[in-house]
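Here is how the chains run, residue by residue.
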Amino acid sequence: MFGRINKKHIKKWEERKNVEKLIRALGYKRDSDVRKGAAKALWKINPDWRESKEAKEAVPKFISALNDKNLDVRWAAAEALGKIKAVEALIPALKDKNPDVRKGAAKGLGEIKTPQVVKPLISALKDEEYSVRREAAEALGKIKDLRAVKPLISALKDEGYGVCEEAAEALGKIKDLRAVKPLISALKDEGYGVCEAAAEALGKIKDLRAVKPLISALKDEGYGIRTEAAKALGKIKDPRAVEPLISILKAGYKYSVLGEGDLVRMAVATALGELKDPRAVEVLISVLEGEGEGSLSPRSLRQGQSINATYMYTVINAAVALVKIKDPRGAKALFDTLKGKDLVAQNAAAEALKMVKDPHAFLEALISERKRAKDSP
């Protein structure tokens, strides 16, 4: 075909928009990086090219690349077929003998996002290979067609690796209310991945029926589930979540090597900022100042005690939440922190105050708080 080529050739042909040579490079057997690069370059060159005769003629080579031993090549080919919108080639490929081809076809169809591809992808949810079912679920989530809701709800019970998680994520993207009850049930699934995906999906759908189950999920043994439940409650913004979220921050900082506990606290602080409820101000100030049972105090930090990045981000999130709530007490705490000696809190306050769109209004809140304190008996 041609002599030895490498990634530099691909880059040059991409810059020169040499479609013919890039298409031929799809069949270059000596180097999978060359094949992958050619596939990616072809769909990046020009949106108009994807509708051209040359693009349609290149489809068989992309289909052939779905059989490639290299995963990256298969993925690049699937993306390219999706960009070309080669529906006529991809739908039959869903029934290919090779599961990798079927999986790549599902991925490609997810890029096309037209009503025509929904039924074939729904059928692919019953493929004998779990990886194909998983890819089909993800593709249906990208398309967001309501016809996929019931099949995806059924897929929540799929035991294939990652299938139910992708189904939950897809339902969250579609945001159909029929999915709420099944997703609430999935919060109690034995697999942590399913529970986390279900909590995240419920946060996207924002149905009030999910509030109580998500509050209960804040007490789950898995920190990932607690984290996603807190995030979801912040998105739903129901005031019933405020006190349960506050109680988590009141429990204080518990040191761990990986900082799992503060992943939850990070999410809780963010959620309280989204809820914008004044009841959260005091506990957020305590996080900013390093107080509370089990806290890692500024003094202990200065004495050299180790600290997790998650702890620092929790403090930052608490500071940001105080800005969002716009309570005079929070304004005072942030400005006072800038004058303090705790570097973690100082940095958090500085980062949060960058978000203030109206510094004058924030300063007025601080002045009002000081005046109130002065006038109080």
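Owing to the predicted nature of the structure, the values given are computational and were not obtained by experimental measurement.

Undergrad: Looking at this structure, how should I read the overall build of the chain?
TA: Assigned secondary structure in the chain consists of 23 helices and 0 strands. Here the chain holds 377 residues, and 51% of them are scored as buried. Put simply, 66% of the contacts in the chain that link residues at least 6 apart link residues at least 24 apart. Accessible area for the chain stands at about 19,300 Å²; split by element, carbon and sulfur atoms hold 51% of it.

Undergrad: Mind showing me how you'd approach the packing of helix α16 (residues 242-250) against helix α18 (residues 281-289) here?
TA: Packed helices, taken two at a time, are described by the angle their axes make and the gap between the axes. Two numbers describe how α16 lies on α18: the axes approach to 10 Å, and their chain directions differ by 25°. Taken together, α16 and α18 sit at an angle that is classed as roughly parallel. At the point where α16 passes α18, the crossing takes the left-handed sense. On α18, the residues touching Ile246, Leu249 and Lys250 of α16 are Val283, Leu284 and Val287. Its residues assigned to classes, the contact of α16 with α18 comprises 5 nonpolar, no polar and 1 charged.

Undergrad: Would you explain the state of the cysteines in this entry?
TA: Each disulfide is one covalent bond, formed between the sulfur atoms of two cysteines. The tally for this structure, following the rule as stated, stands at 0 disulfides. The thiol of cysteine 164 is not disulfide-bonded; the next cysteine sulfur, from cysteine 195, is found 9.3 Å away. On the accessibility criterion, cysteine 164 (8% relative accessible area) is buried.

Undergrad: Even after reading the chapter, I still don't get helix α1 (residues 7-15), so can you show me in this structure?
TA: The opening residue of α1 is asparagine 6, an N-cap whose side-chain oxygen sits 2.9 Å from the backbone nitrogen of lysine 8. Looking at the residues trailing α1, positive phi occurs at lysine 17, about 55°.

Undergrad: How do you make sense of the pattern of salt bridges when you look at a structure like this?
TA: Opposite charge on two side chains permits pairing when their charged atoms draw close. What the rule picks out here adds up to 18 salt bridges. Ionic pairing is found between glutamate 282 and arginine 329, a salt bridge with its closest N-O pair at 3.7 Å. Linking glutamate 282 in helix α18 with arginine 329 in helix α21 (residues 328-338), this pair joins segments that are 47 residues apart in sequence. By relative accessible area, arginine 329 is classed as partly exposed at 27%. Note that aspartate 327 is salt-bridged to arginine 329, the shortest N-O span being 2.9 Å. In this structure aspartate 327 comes out as buried when scored by relative accessible area, which is 11%. Salt bridges linked by common partners bring Lys237, Glu274 and Lys324 together as one network.

Undergrad: I keep staring at the packing of aromatic side chains and nothing clicks. Help me out?
TA: Note on aromatic pairs: each is described by the distance of the centres and the angle between the planes. One pass over the full model with this rule turns up 1 aromatic pair. Taken together, a centroid distance of 6.5 Å and an interplanar angle of 90° make the contact between tyrosine 130 and tyrosine 161 edge-to-face. With a gap of 31 residues between them, tyrosine 130 in helix α9 (residues 130-143) and tyrosine 161 in the loop between α10 (149-155) and α11 (163-174) connect regions that are remote in the sequence. You can call tyrosine 130 partly exposed: its relative accessible area is 34%.

Undergrad: How should I be thinking about the side chain of asparagine 317 in this particular structure?
TA: Here asparagine 317 shows up in helix α20 (residues 309-325). Ignoring anything within four residues of it in the chain, the contact list for asparagine 317 reads Met266, Ala269 and Thr270.

Undergrad: Would you explain unusual backbone geometry in this entry?
TA: Positive phi, normally seen in glycine, also occurs at lysine 144, with a value near 60°. Looking at the secondary structure, you find lysine 144 in the loop between α9 and α10. Phi angles above zero are rare outside glycine, and lysine 276 is one such case at about 55°. Topologically, lysine 276 is positioned in the loop between α17 (260-275) and α18.

Undergrad: Quick question: what am I supposed to make of the environment of glycine 104 here?
TA: As for its placement among the helices and strands, glycine 104 is situated in helix α7 (residues 99-112). In this structure glycine 104 comes out as buried when scored by relative accessible area, which is 0%. Distance from glycine 104 to leucine 66, taken between C-alpha atoms, is 6.2 Å for residues 38 residues apart in sequence. If we ignore the near neighbours within four places in the chain, the residues touching glycine 104 are Leu66 and Ala78.

Undergrad: Teacher, can you tell me more about helix α13 (residues 192-205) here?
TA: Residues separated by three or four positions in an α-helix point in the same direction, a consequence of the helix having 3.6 residues per turn. With 14 residues, α13 extends 20 Å from end C-alpha to end C-alpha; this agrees with the ideal 20 Å at 1.5 Å per step. All buried positions along α13 are accounted for by Val194, Cys195, Ala197, Ala198, Ala199, Ala201, Leu202, Gly203 and Ile205. Elements in contact with the buried residues of α13: α11, α12 (180-186), α14 (211-217) and α15 (223-236). One or two steps after α13, the chain reaches lysine 206, where phi turns positive at roughly 65°.

Undergrad: So what exactly am I meant to see when it comes to the environment of alanine 349 here?
TA: Considering the arrangement of structural elements, one finds alanine 349 in helix α22 (residues 343-353). You can call alanine 349 buried: its relative accessible area is 0%. Once the C-alpha coordinates of alanine 349 and leucine 338 are considered, the two residues, 11 residues apart in sequence, prove to be 6.5 Å apart.

Undergrad: Honestly, a positive patch on the surface in this entry has me stumped. Any pointers?
TA: Together, Lys113, Lys144, Lys173, Lys175, Lys206 and Lys235 make up a positively charged patch on the protein surface. Structurally, the position occupied by lysine 113 is in the loop between α7 and α8 (118-124).

Undergrad: I tried to follow the nonpolar core on my own but got confused; where do I start?
TA: In summary, soluble globular proteins display a tendency toward joint burial of nonpolar side chains. Membership of the largest hydrophobic core comes to 127 residues, with the highest contact counts inside it found for Phe62, Leu152, Leu183, Leu214, Leu245, Leu272 and Leu284. Counting residues per element, this core draws most heavily on α20, at 10 residues. Ignoring any residue separated from it by four or fewer positions in sequence, one finds leucine 152 in contact with Leu125, Ala137, Leu140, Ala167, Ala170, Leu171 and Ile174.

Calculation notes
Residues numbered from 1 in each chain as written. Predicted model: local features only at pLDDT ≥ 70, side-chain atom pairs only at ≥ 80, totals over all residues. Heavy atoms only, no water. Helix = DSSP H or I, 4+ residues; strand = E, 2+ residues; numbered from the N terminus. Buried < 20%, exposed > 50% of the residue type's maximum accessible area, 1.4 Å probe, protein only. Contact = heavy atoms within 4.5 Å. Areas by Shrake-Rupley, 256 points an atom, 1.4 Å probe, with all protein chains shown as cover. Axes fitted to C-alpha atoms, helices over the stretch in contact; angles between N-to-C directions. Parallel < 35°, antiparallel > 145°, perpendicular 65-115°, else oblique. Left-handed = near helix turned anticlockwise from the far one by under 90°. Nonpolar A, V, L, I, M, F, W, Y, C, P; charged D, E, K, R; others polar. Disulfide = S-S within 2.5 Å. Polar contact = N/O pair within 3.5 Å; in protein donor to acceptor, adjacent residues only side chain to side chain. Salt bridge = Lys/Arg side-chain N within 4 Å of Asp/Glu carboxyl O. Phe/Tyr/Trp six-rings, centres within 6.5 Å; stacked < 30°, edge-to-face > 60°. Expected span 1.5 Å × (residues − 1). Patch = residues over 30% accessible without salt bridge, like charges linked within 9 Å, V, L, I, M, F, W, Y side chains within 5 Å. Lys, Arg positive; Asp, Glu negative; His and termini not counted. Charge placed at Lys NZ, Arg CZ, Asp CG, Glu CD. Core = buried A, V, L, I, M, F, W, Y, C linked by side-chain atoms within 4.5 Å.

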